[in-house]
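Reading the structure
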Amino acid sequence: MTSIISFRDATKVFPGRGRGQDVRAVDGVTLDVRAGEIFGVIGYSGAGKSTLVRLINALERVTSGDVVVDGVPLASLGEARLRPVRAGIGMIFQQFNLLASRTVAGNVAYPLEVAGWSRARRAARVAELLDFVGIGEKAGAYPSTLSGGQKQRVGIARALATEPRILLADEATSALDPETTQDVLALLQRVNRELGITVVVITHEMDVVRSICHRVAVMEHGQVVEVGDAYQVFSAPGHEVTRRFVETALRDRPSSAVLARLRKRHAGRIVTVGVDEVAGSSAVLTRVLREHGVDGTVVYGGITEVAERPYGSLTVELVGGGGAVEGAVAALRAVTSVADHGTAAHPAPDAGPVTPPGKETKR
Amino acid sequence: MTWDRLGPLLWEAFGQTAYMVLITLVVGGFFGLVLGLGLYLTRPGNLLAHRVVFAVLNVAVNVVRPVPFIIFLVALGPLTRLFVGRIIGIEAFTFSMCFMASFVFARLVEQNLVTIDPGVVEAARAMGASPLRIVRTVLIPEALAPLILGYTFLFVGVLDMSAIGGYLGAGGLGDFAIVYGYRQYDWAVTAVVVVIIVLIVQVVQALGNRLARRALRR
């Protein structure tokens, strides 16, 4: 796959106000977004991700370095030359940013007017777009009468109007409730699959990355601290920030408080076994326990999907005679990540109860 | 004096006021809109951010606006002579009114534009719209209702200004009330003029409110 967006040591510095210090919102980012993928940029607020995405359509200009979009280096272009580039990139926003003075149809027609389409072609295209996002019946309504989800659908229709190759989504679901978020994410996925549009998603919600992103970049203090396949980044987070995000998305690992309660209820050996596509599945767990004659009871955990592949962990209480439990744990370690919490009588506090399995396999 | 004689004079005064006010609304409204847009657009961080232009416009508006109009009239004398050719008469007076109204309206326009969500402007930029197009298709339509109300407010202010037209021999309703009412101790004449002015203001305000409400269908 070829890269459609290419950051080359891109840096954006905002001059400090008054005597304030300069802010390096984006600090030497080198990154490639491949054509046809859904690329996620995740980070806490202030990490610079909103500025990063605005470098792509030059709403913000780089201070140094460059951003190459579809083969065009943006840093050297003047404001007037940038306008056609922007028109070829759709963008949706957290607060939707619809024109209150225009109807739904009027909003979707806006970029077509900018692009100089005739009235008749505009009308046909608007109808087609509203149909695609599923709000055809709202064409004559004003934005103030719409729900958040409907507003974002209008935003998406508007962003797609001029048939862009790239769609930028700046916290597009952050103002929506969980159910509506899923609808909008599904729509973004359709945009990617059916129209072949490259989507760049900015978010602070790991759930968004987990649901739709193929690849992800993690940002902190204006820098990309980790980038890669969404599944890989999830299962083997290499940076502290990534680890914190992973924990927010997957609550399958027992915290120390949970572990204390588990030990009260279960006297046997407690281990957390990683479940993922690469390192094994719950079928492996069942087989190993049977082979070693060990009884296993699932006491905590969960398996979900990351980038449409299974991912999670199960915490089980193991009970067996002799060295059977030791043998089973050793056999499990050979195929997947295992965090051994010990027994209630002999707890193993160093097992790292909240450590994702990927980190263990890496050691 | 009887109303037989006053009637035509009052009608003439009304015509003079209408002349001053309407010309000022058109000319002052136009330049006020341009100046207000200039203030908004050149403000640091906005579409055409320009520190120097913004500072000049901002200071100009701040200097002109608080000057009492009756003093402004005199102070503007040299400029009035330059543009109109004389410093008294209805044309000279109307020139001064246009000047003051532009600066008053500029601030009103700017204050209304500032309330527009910058995100909407950013969205238009992201779609490749030029600054001029954004002014035409985003800023003015989005702020239309408050702009109409601001314009209505300007009307009342302009009517107020026109009342001292007598000082420069421009006539008008204010002059009529002073010459034939106040100076003749004829309170009835003054009262009639007051009633006429109140009625005009009421009608225009009602019209402005209605138009603004229609613009606000959202």
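Residues numbered from 1 in each chain as written. Chains lettered and ligands numbered in written order. Predicted model: local features only at pLDDT ≥ 70, side-chain atom pairs only at ≥ 80, totals over all residues. Heavy atoms only, no water.

Quick note on the threshold: UniProt positions are given in the numbering used here, feature names are shortened, and annotations may be inferred rather than shown by experiment.
Under an unreviewed UniProt entry, the name given to chain B is ABC transporter permease subunit, and the organism recorded is Antribacter soli. Recorded under Sequence similarities (unreviewed entry), the UniProt text for chain B is reproduced unchanged: "Belongs to the binding-protein-dependent transport system permease family." Looking at the Subcellular location (unreviewed entry) heading of the UniProt record, one finds this comment for chain B: "Cell membrane".

If you look chain A up in an unreviewed UniProt entry, it shows as Methionine ABC transporter ATP-binding protein from Antribacter soli.

1. Side note on the overall build of chain A
Quick note on the threshold: Strands here mean DSSP runs of E at least two residues long; helices mean DSSP runs of H or I at least four residues long; both are numbered from the N terminus. Contact definition: two residues touch when any of their heavy atoms are within 4.5 Å. Working definition of accessibility: Shrake-Rupley area with a 1.4 Å probe, residue cover restricted to the visible protein chains. Under the counting rule used here, the positive set is Lys and Arg, the negative set is Asp and Glu, and His together with the chain ends is not counted. Lysine's charge is taken at NZ, arginine's at CZ, aspartate's at CG and glutamate's at CD.
A tally of helices and strands in chain A yields 13 helices and 14 strands. Overall size of chain A, expressed as C-alpha extent along the three principal axes, is 80 × 50 × 40 Å. Considering only intrachain contacts with a sequence separation of at least 6, the fraction spanning at least 24 residues in chain A is 70%. Element-wise, carbon and sulfur atoms account for 49% of the exposed surface of chain A, whose accessible area totals about 15,500 Å². Taking the average location of the 42 positive side-chain charges in chain A and that of its 39 negative ones, the two points are 5 Å from each other.

2. Notes on the UniProt feature "domain: ABC transmembrane type-1" (unreviewed entry) in chain B
On the UniProt side, "domain: ABC transmembrane type-1" (unreviewed entry) is annotated at positions that read residues 14-208 of chain B here. The distance separating the terminal C-alpha atoms of residues 14-208 of chain B is 21 Å; by composition the span is 79% helix and 0% strand.

3. Quick look at empty space enclosed by the protein
Note the cut-off: Lining residues are those with an atom within 4 Å of a point, where the points come from a 1 Å grid over the protein atoms alone and group into cavities, where a 1.4 Å probe fits but cannot get out, or pockets, open sets with protein on both sides within 12 Å along at least five of seven lines. Grid points are joined across faces, edges and corners, and a volume is the space filled by probe spheres set on the points.
Applying the stated rule across the entire model yields six cavities of 30 Å³ or more. Considering only enclosed or pocket space, the largest cavity measures out at about 120 Å³ in volume. Considering the residues around the largest cavity, the lining is formed by 14 residues, among which Ile89, Gly90, Arg158 and Ala159 of chain A together with Met127 of chain B are closest to the centre. Contributions of two or more residues to the lining of the largest cavity are made by helix 2 (79-87), strand 6 (89-93) and helix 5 (148-160) of chain A together with helix 6 (118-126) of chain B. Tallying contributions element by element places strand 6 of chain A first for the lining of the largest cavity, with four residues.

4. Notes on helix 6 of chain B
All names here are of chain B. The condition that has to hold: Burial here depends on accessible area, computed with a 1.4 Å probe over protein chains only, as a share of the maximum for the residue type. Under 20% is buried, over 50% is exposed, and the range in between is partly exposed. Any pair of nitrogen or oxygen atoms within 3.5 Å is treated as a polar contact; in protein, a donor-acceptor pairing is required on top of that, and neighbouring residues in sequence qualify only through side-chain atoms on both sides.
Of all the nine residues making up helix 6, eight are buried; the element is thus mostly covered by neighbouring parts of the structure. Inspection of helix 6 places Gly119, Val120, Val121, Glu122, Ala123, Ala124, Arg125 and Ala126 among the buried residues, and these make up the whole buried set. Between the side-chain oxygen of the N-cap and the backbone nitrogen of glycine 119 there are 2.9 Å, and the N-cap of helix 6 in question is aspartate 117.

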